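# Structural characterization, general
The chain contents come next:
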Amino acid sequence: MLEAYLKDALVARITAWADDELILAQRLSEWVGHAPILEEDIAIANLAQDELGHTKVWLGLRQELDGADPDRLVYFRDPLEFQNAVLVELPKGDWAFTMVRQYLFDAYENLWLKEATQSAYAPLAEAASRLLKEERFHLKHSSLWVERLGQGTEESHRRAQEALETLFPYVRQLFQPLPGDEALVEAGVVPDLRALEAPYLEEVTAHLVRSGLRPPEGGYVPKSRQEHTEYLWSLLAEMQSVARWDPEAQAW
Amino acid sequence: MVERYWEALKGVKDPEIPVLNIVEMGMVLGVEAEGEKVRVRFRPTFSGCPALRLIHQEIEKALREAGAKEVEVVEARAPWSTEDLAEEARRKLLGYGVAPPLPLPLAGKDPPCPRCGSQEVVLKNTFGATLCKMLYQCAACGEVFEAFKTV
């Protein structure tokens, strides 16, 4: 069982993870029916479905802690209540933008989920082991795409490099601790994200460079997960529209 | 009594791989019966599986037909592994034209072609028509086939 003082901190942490997965799933789903080739259309639908499944796992974990209904959280929260990182809410852009973002996010997830399988809070350790098995395939897919785009044609390289210029600074937000994280890390409940940033940067830089891309230096890093861009508003307006039209509906 | 419910659950197929039932897939962790109330502990294969809701409904239906008046399906979070597939299930997959998952230590390796058995296969897509499968092509016989992901 979890000590009471850690509960609120863990609810906040889990919500941040769940919101990252949810918003990314929505962005990925925008490609369905529009991906460059049929196989990729199928693959990206799979990715979106997986990320949405992971949202469900995290929000199920949260529900056990504070009783919050996952559907209410997804469909009836306002933009400023969302705790996702800016990285995942940016518009899908071109294929290079989507795949570079996916790679940067997948590498981060694989890294921290592996650590989280050792969590002192058993339900979290179980959830992390479950998700990690699935995330392995995401990373395989997106890292190949980064290589393909980086070393493909002049145009694919240029587009991948441009995507990286925009996206790379935002990645660092993923490693910023929330106010309650320190206590959770001390209790062995969640991994120390700050300690994972250096190995992450080393790993992705190596792969990006192998793929002929240059990670930019500096850039703006959002200060907190309360910070959002205008893009989150339109994303949520679309995602939540059906549920908000008919909140009493039993099935859609 | 519980045996009867286990038998009933063997009639519930995975809608995405209709040759396999949920018991031989290792998705059912336990069945408890108290009078006419039955409680099933159930574990999904992939967390985002869109067939979950349907499987829940099918479980309830099968158990009611077997005599249960009240059915409770509890979803376990413990990860599912392809190691939990029964041997029989692997044979059925192969017969269905899907390369069965490899033993866990070989995860990341390519499976042999389910048609001709050749090891010369090329991964076409890490993702297939369902979350649990990948897409391959055999370089020897040309067969395009699906392979169950080893997890």
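Every chain is numbered independently, its residues counted from 1 as its sequence is written. Starting at A for chains and at 1 for ligands, labels are handed out in the order in which the entities are written. Side-chain atom pairs in this predicted model are given and counted only at pLDDT of 80 or more, local residue features only at pLDDT of at least 70, and totals for whole chains, interfaces and linings cover all residues.

## Thoughts on the overall build of chain B
Under the convention used in this document: Runs of H or I in DSSP of at least four residues are treated as helices and runs of E of at least two as strands, each being numbered from the N terminus. Residues are called buried when their C-beta atom has 20 or more other C-beta atoms within 10 Å, exposed when it has 12 or fewer, and partly exposed otherwise; all C-beta atoms are positioned from the backbone.
Helix and strand counts for chain B stand at 3 helices and 9 strands. Listing every helix and strand of chain B by position from the N terminus yields α-β-β-β-β-α-β-α-β-β-β-β. The principal-axis extents of the C-alpha atoms in chain B amount to approximately 55 × 25 × 25 Å. Per-residue burial over chain B gives 40% buried out of 151 residues.

## Here's the deal with the environment of A:Glu238
Here A:Glu238 is to be found in helix H10 (residues 231–245). Considered as a pair, A:Glu238 and A:Gln26 are 212 residues apart in the sequence and their alpha carbons are 9.5 Å apart.

## Structural notes on the confidence of the model for chain B
Applicable threshold: The quantity called pLDDT is the predictor's confidence in a given residue, expressed from 0 to 100.
On average, residues of chain B score 93 in pLDDT, and 100% of them reach the 70 mark or higher. Model confidence for the complex: the whole-complex pTM is 0.91, and ipTM, which rates the interface, is 0.81.

## Regarding the sheet that holds strand E8 (residues 133–138) of chain B
All names here are of chain B. Quick reminder of the rule: By definition, two strands form a pair when at least two bridges between them are found by DSSP.
One open sheet accounts for 4 strands, arranged E6-E9-E8-E7; its pairing is mixed. With one partner strand each, in any of the chains shown, strand E6 (98–99) and strand E7 (121–125) form the two edges of the open sheet. The sheet contact formed by E7 and E8 spans 4 bridges and is antiparallel. Considered in E8, the bridge of Leu123 is made with Tyr136.

## Side note on the domain arrangement of chain B
Basically, it comes down to this: Note that domain bounds follow an automatic or database assignment of domains.
As assigned here, chain B comprises domain 1 (2–75) and domain 2 (99–148). If you average the C-alpha positions of domain 1 of chain B and of domain 2 of chain B, the two centres end up 29 Å apart.

## As for the environment of A:Thr229
Residue and element names in this part refer to chain A. Let me state the cut-off plainly: Our contact criterion uses C-beta atoms placed from the backbone: two residues qualify when those atoms are within 7 Å.
Locating Thr229 in the fold gives a position in the loop between helix H9 (193–210) and H10. Sequence spacing of Thr229 and Pro123 is 106 residues, and the spatial spacing of their C-alpha atoms is 33 Å. For Thr229, the residues in contact, after removing those within four places along its chain, are Val86, Glu89 and Leu90.

## So, the interface of chain B and chain A
The cut-off we apply is this: When residues are sorted by character, Ala, Val, Leu, Ile, Met, Phe, Trp, Tyr, Cys and Pro go into the nonpolar class, Asp, Glu, Lys and Arg into the charged class, and all the rest, Gly among them, into the polar class.
Listed by partner, the interface residues are 18 residues for chain B and 22 residues for chain A. Split into classes, the residues belonging to the side of chain B that touches chain A amount to 10 nonpolar, 5 polar and 3 charged.

## Here we look at the nonpolar core
So the rule is basically this: Nonpolar cores are built from buried Ala, Val, Leu, Ile, Met, Phe, Trp, Tyr and Cys residues. These are joined into a set through C-beta atoms within 7 Å.
Formed by 103 residues in total, the largest nonpolar core has its most connected members in A:Leu87, A:Val100, A:Leu104 and A:Leu167. Tallying contributions element by element places helix H5 (residues 95–116) of chain A first for this core, with 12 residues. Taken domain by domain, the makeup of this core includes at least three residues from each of domain 1 (2–75) and domain 2 (99–148) of chain B. Not counting chain neighbours up to four residues away, the residues in contact with A:Leu167 comprise A:Leu87, A:Val100, A:Arg101 and A:Leu104.

## Some thoughts on the environment of A:Val190
Residues and elements named next belong to chain A. Tracing the backbone shows Val190 in the loop between helix H8 (181–186) and H9. Counting along the chain gives 74 residues from Val190 to Ala116, while the straight-line C-alpha distance between them is 6.0 Å. Setting aside chain neighbours within four positions, we find Val190 in contact with Arg13, Ala116, Ser119, Asp181, Leu184 and Val185.

## Remarks on the packing of helix H1 (residues 4–29) of chain A against helix H2 (residues 38–66) of chain A
Residues and elements named next belong to chain A. To be explicit about the condition: Between N-to-C directions, angles cover 0 to 180 degrees, with each direction set by a line fitted to C-alpha atoms, over the stretch in contact for helices. An angle below 35 degrees is read as roughly parallel, one above 145 as roughly antiparallel, one from 65 to 115 as roughly perpendicular, and any other as oblique. In a left-handed crossing the near helix is turned counterclockwise from the far helix by less than a right angle, and in a right-handed crossing that turn is clockwise.
The N-to-C vectors of H1 and H2 enclose an angle of 160°; their axes lie 8 Å apart at closest approach. In this view, H1 runs roughly antiparallel relative to H2, as classed from their interaxial angle. Read as a crossing pair, H1 and H2 show a hand that is left-handed.

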